[in-house]
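Residue-level structure breakdown
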Amino acid sequence: MCGIVGYIGNKNACDVILDGLNKLEYRGYDSSGIALNMNGKIEVHKYKGRIKNLIEKLAPLGCNSQLGIGHTRWATHGAPSDKNAHPHSNESGSIALVHNGIIENYVQLREWLIKEYNVNFKSETDTEVIVHLIDHFYEGDLLDAVYKSIAKMKGAYAIGVICSHEPDKIVAVRKDSPLIVGLGEDENIIASDIPALLKYTRKVYLINNDEVVLLTKEGVKIFNENREQVQRDIFHVTWDAEAAEKEGYEHFMLKEINEQPKGIDVTLNRRLDENGRISLDGIQITKEDLEKINKVYIVACGTAYHAGLVGKFAIEKFAQIPVDVDIASEFRYREPFIDENTLFIAISQSGETLDTLAALREAKRRGARVLTIVNVVGSSVARESDDVFYTWAGPEIAVASTKAYTTQLISMYLIALHMAVTKNVIKQDYYDLLISELKALPAKVEKILENTDTIQEIAKLNFEKQHAFFIGRGIDVAVALEASLKLKEISYINSFAIAAGELKHGTIALIEEGTFLTAIATQDHLFEKMLSNIQEVKARGAFVLGVAKEGNKQIEQQANKVIYIPDCIDEVTPILSVVPMQLLAYYMSVLRGCDVDKPKNLAKSVTVE
Ligand code: F6R
């Protein structure tokens, strides 16, 4: 989604903003732009394409300014183009604005501005109405004009505005789109996310919905919707700037795959005491609360939804509570059975996914208790939840989610076990076994990462195929779905996942000589069944990759190639089996020459519907 950076201070605003925009590239974008206050005038430069474009065009101009705003745009209203790129300006060019989100009533506002004030629109964007509104209300006080404008706007927006008549300030607003403020010495910065400002400061204000911020070089004031100044604690960013960089890996995705042992370890072990007892910071669900809960909904999108499928398995098996898993964009528009005895669990890496947020609000409105599993601290989803469980995966930059996913799985296991213990429905020796198996996972993932030769060889044999299939049974279906999503999103191979038992009900018609099919067969009690499914597709000419536990060598007689995961109990296999699948997708994508970290048409944080 779009990224915003704004700077006021003694440094060259152009450098700080371009640097910040580069750090926000991971959000996905198709154009970028900057507005700088230069000798009392605002200069705007904006182009379709990569930030590199913008940097190359700016270089000969030698821009030097102490105030500016910049933007990376991910098109929603109007195609990616120079004219639709942000910043947008008023007719005289005295005001410039960047925006992330969607203005729902922009058509009405646009018609009104044209009819009543003969405004000349230059772009097809919803954003442009905002700058003309501000222009319309401007009477020498930018803050006042912004307040009057947002009173007319409906939708989601984070905006940053500058005005040549008031070159000592930036005004910013947040409503349902992310916005933070970085606090420096004689300089202040606005941004959509922390990596954009980490080079300059670790002190951050998290801005709430409906708040308006006034930044000068000397300070930052936050106001609520009634124009009253509010106080905010400073949030200290503890992770390193390098954590958001590639650290020598060719791609962020590979770096993040390799960070999984650490992510799993931190997310898990900080919640366990020396006796293996779970203590869940941020979750205050008591025995009485749990006794009332008769239904759990897990709701998420994409990869996070696949983590939810494993979550259902864990909660039902360990805590014996029925669970429904739903896709957020579906859940929000149906009439789910929810009341005060429902526990709603949202899973999200970014914490800004609009569908997940909307589903969460709907569940809350209907009386559910809302628990969130989320990676981004202070994100919208986190802030609107009753209980928050943070995955400590660190910043995930590659669009394809990897380390966030495995930490979401760990979180689901911990929450399920915590519920089971609180409800007193799990035997001590089974609990102890599960905890020791979970604790062994970081080392086992490390082992998978140490030897990627077979995975690379399989990628080489299959990367030119047009189609791929993934099958599994039990919780392996969730892994098959995740493996398939990973492959299709970064390699553009038409990939499909299905429960192995469903093959013969239609999909097997697509299997022919050379079809690439991965059979995930990690569940001991379903292993024989999987071997039969492999035979079925082998008989029709498929190239079969089997994924199995180390001990289950029988699979070698059926599959063309096998990837083994270290031995473990069936319950925790998804955390191990997904890792070679992530690597397979990665190597296939590299071999196909794709943009691994920034696949086409995708954005890291999906803040629109
Ligand atoms: C796929 C991927 C997406 C996200 C989905 C939800 O690799 O990353 O499918 O999982 O867009 O995003 P979050 O978790 O930020 O809510």
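Quick word on the overall build of the chain
Secondary structure assignment for the chain yields 19 helices and 25 strands. By the compact-globule yardstick of 25 Å for 609 residues, the chain fits well, its C-alpha radius of gyration being 26 Å. With the C-alpha coordinates of the chain rotated into their principal frame, the extents come out at 75 × 55 × 45 Å. Within the chain, counting contacts between residues at least 6 apart in sequence, those at least 24 apart form 72% of the total. In the form shown here, the chain has an accessible surface area of approximately 23300 Å², with 47% of it arising from carbon and sulfur atoms.

Let's talk about the packing of aromatic side chains
The full count for this structure, using the stated rule, is eight aromatic pairs. Considering the side-chain rings of tryptophan 112 and tyrosine 117, the 5.4 Å spacing of their centres and the 80° angle between planes classify their relative orientation as edge-to-face. Aromatic pair tyrosine 586 and tyrosine 587: ring centres 5.3 Å apart, planes at 70°, arrangement edge-to-face. Of the residues examined, tyrosine 586 reaches a relative accessible area of 2% and is grouped as buried. These aromatic residues form a ring-pair network of at least three members: Tyr297, Phe331 and Phe344. Sitting over the face of the ring of phenylalanine 121, arginine 110 holds its NZ or CZ atom 4.5 Å from the ring centroid. The ring centre of tyrosine 297 lies 5.1 Å from the NZ or CZ of lysine 295, which sits over that ring.

Section: the sheet that holds strand S17 (residues 323-327)
Adjacent strands of a sheet form backbone hydrogen bonds with each other and so pair up, either parallel or antiparallel. Here we have five strands laid out as an open sheet, ordered S17-S16-S18-S19-S20, and parallel in their pairing. Two strands lie at the open edges of the sheet, namely S17 and strand S20 (387-390), each paired on one side alone. Going across the sheet, the axis of each strand differs from the next one's by a mean of 20°, ignoring polarity. Of the pairings in the sheet, the one linking strand S16 (residues 295-300) to S17 comprises five bridges and is parallel in character. The residue of S17 that forms the bridge with isoleucine 298 is valine 325.

Side note on the domain arrangement of the chain
Split by domain assignment, the chain resolves into domain 1 (3-238), domain 2 (247-439) and domain 3 (449-591). For domain 2 and domain 3, the distance between their C-alpha centroids amounts to 26 Å. Summing the contributions of domain 2 and of domain 3, the shared interface buries around 2200 Å²; its carbon and sulfur component is 74%. Our enumeration of links across domain 2 and domain 3 arrives at zero salt bridges. In this assembly, domain 2 and domain 3 are joined by nine residue pairs in polar contact (both at pLDDT 80 or more). Of all the secondary structure elements, the ones that give two or more residues to the side of domain 2 that touches domain 3 are helix H6 (252-258), helix H7 (260-269), helix H9 (302-319), helix H13 (403-423) and helix H14 (428-439). The element best represented in the side of domain 2 that touches domain 3 is H9, accounting for eight residues.

Some details on the packing of H7 against H13
Between H7 and H13, the least distance of the axes is 9 Å, while the angle of their chain directions is 25°. When the axis of H7 is compared with that of H13, the two are roughly parallel. Where H7 crosses over H13, the handedness of that crossing is right-handed. Along its contact with H7, which presents Gln260, Gly263, Ile264, Thr267 and Leu268, the element H13 presents Lys403, Thr406, Thr407, Ile410, Ser411 and Leu414.

A few points about the nonpolar core
Counting 122 residues, the largest nonpolar core has Ile315 and Ile345 as the members making the most contacts within it. Discounting chain neighbours no more than four positions away, the residues touching isoleucine 315 are Val296, Ile298, Gln320, Ile321, Val323, Ile345, Met412, Ala416 and Met419. The next biggest cluster of nonpolar side chains, apart from the first, holds 31 residues, and it includes Ile103, Tyr106, Met153 and Val173.

Some points on a negative patch on the surface
On the surface, Asp168, Glu185, Asp186 and Glu218 cluster together into a negatively charged patch. Take glutamate 218: it is sitting in the loop between strand S12 (211-215) and strand S13 (220-223).

Thoughts on empty space enclosed by the protein
A water-sized probe rolled over the atoms picks out the places where empty space is left. Under the criterion given, the structure shown has three cavities of 30 Å³ or more. Approximately 70 Å³ is the volume found for the largest cavity. Together, Cys2, Arg73, Trp74, Ala75, Thr76, His77, His86, His99, Gly101, Thr125, Asp126 and Thr127 line the largest cavity. Residue composition of the lining of the largest cavity, by class: three nonpolar, seven polar and two charged.

Looking at the environment of lysine 255
Looking at the element boundaries, lysine 255 is found in helix H6. The buried category is assigned to lysine 255, whose relative accessible area is 1%. Put simply, lysine 255 and valine 171 are 84 residues apart on the chain and 37 Å apart in space, counted from C-alpha to C-alpha.

A short note on the site of the ligand
Neighbouring the ligand are 14 residues, the closest being Ser348, Gln349, Ser350, Thr353 and Glu489. Within the side chain of serine 348, a nitrogen or oxygen atom sits 2.6 Å from an oxygen atom of the ligand. Within the contact set of the ligand, an oxygen atom lies 2.5 Å away from a side-chain nitrogen or oxygen of threonine 353. For the ligand, whose accessible area on its own is 400 Å², the fraction buried by protein is 90%. Assessed atom by atom at 2 Å from the grid points, the ligand resides in the second largest pocket. Of all elements in the fold, only H9 and helix H17 (476-491) reach the threshold of two or more residues within the shell around the ligand.

A look at unusual backbone geometry
Note the cis peptide between histidine 86 and proline 87, where omega equals 0°. Relative to the elements of secondary structure, proline 87 occurs in the loop between strand S4 (67-73) and strand S5 (88-89). Despite not being glycine, asparagine 39 has its phi angle at roughly 50°, a positive value. Mapping asparagine 39 onto the fold places it in the loop between strand S2 (31-38) and strand S3 (41-48). Looking at asparagine 39, the relative accessible area reads 81%, which means it is exposed. Backbone geometry at aspartate 186 places phi at a positive 55°, although glycine is not the residue there. Note that aspartate 186 resides in the loop between strand S9 (180-183) and strand S10 (187-191).

Definitions and limits used
- Residues numbered from 1 in each chain as written.
- Predicted model: local features only at pLDDT ≥ 70, side-chain atom pairs only at ≥ 80, totals over all residues.
- Heavy atoms only, no water.
- Helix = DSSP H or I, 4+ residues; strand = E, 2+ residues; numbered from the N terminus.
- Rg over C-alpha atoms; globule rule 2.2 N^0.38 Å.
- Contact = heavy atoms within 4.5 Å.
- Areas by Shrake-Rupley, 256 points an atom, 1.4 Å probe, with all protein chains shown as cover.
- Phe/Tyr/Trp six-rings, centres within 6.5 Å; stacked < 30°, edge-to-face > 60°.
- Buried < 20%, exposed > 50% of the residue type's maximum accessible area, 1.4 Å probe, protein only.
- Lys NZ or Arg CZ within 6 Å of the ring centre and 35° of its normal.
- Pairing = 2+ DSSP bridges.
- Axes fitted to C-alpha atoms, helices over the stretch in contact; angles between N-to-C directions.
- Domains from an automatic or database assignment.
- Buried area = accessible area lost by both parts, 1.4 Å probe.
- Salt bridge = Lys/Arg side-chain N within 4 Å of Asp/Glu carboxyl O.
- Polar contact = N/O pair within 3.5 Å; in protein donor to acceptor, adjacent residues only side chain to side chain.
- Parallel < 35°, antiparallel > 145°, perpendicular 65-115°, else oblique.
- Left-handed = near helix turned anticlockwise from the far one by under 90°.
- Core = buried A, V, L, I, M, F, W, Y, C linked by side-chain atoms within 4.5 Å.
- Patch = residues over 30% accessible without salt bridge, like charges linked within 9 Å, V, L, I, M, F, W, Y side chains within 5 Å.
- Lys, Arg positive; Asp, Glu negative; His and termini not counted.
- Charge placed at Lys NZ, Arg CZ, Asp CG, Glu CD.
- 1 Å grid on protein atoms, 1.4 Å probe; cavity = no way out; pocket = protein on both sides within 12 Å on 5 of 7 lines; lining within 4 Å.
- Points joined across faces, edges and corners; volume = space filled by probe spheres on them.
- Nonpolar A, V, L, I, M, F, W, Y, C, P; charged D, E, K, R; others polar.
- Near = heavy atom within 4 Å.
- Sits in = over half its atoms within 2 Å of the grid points.

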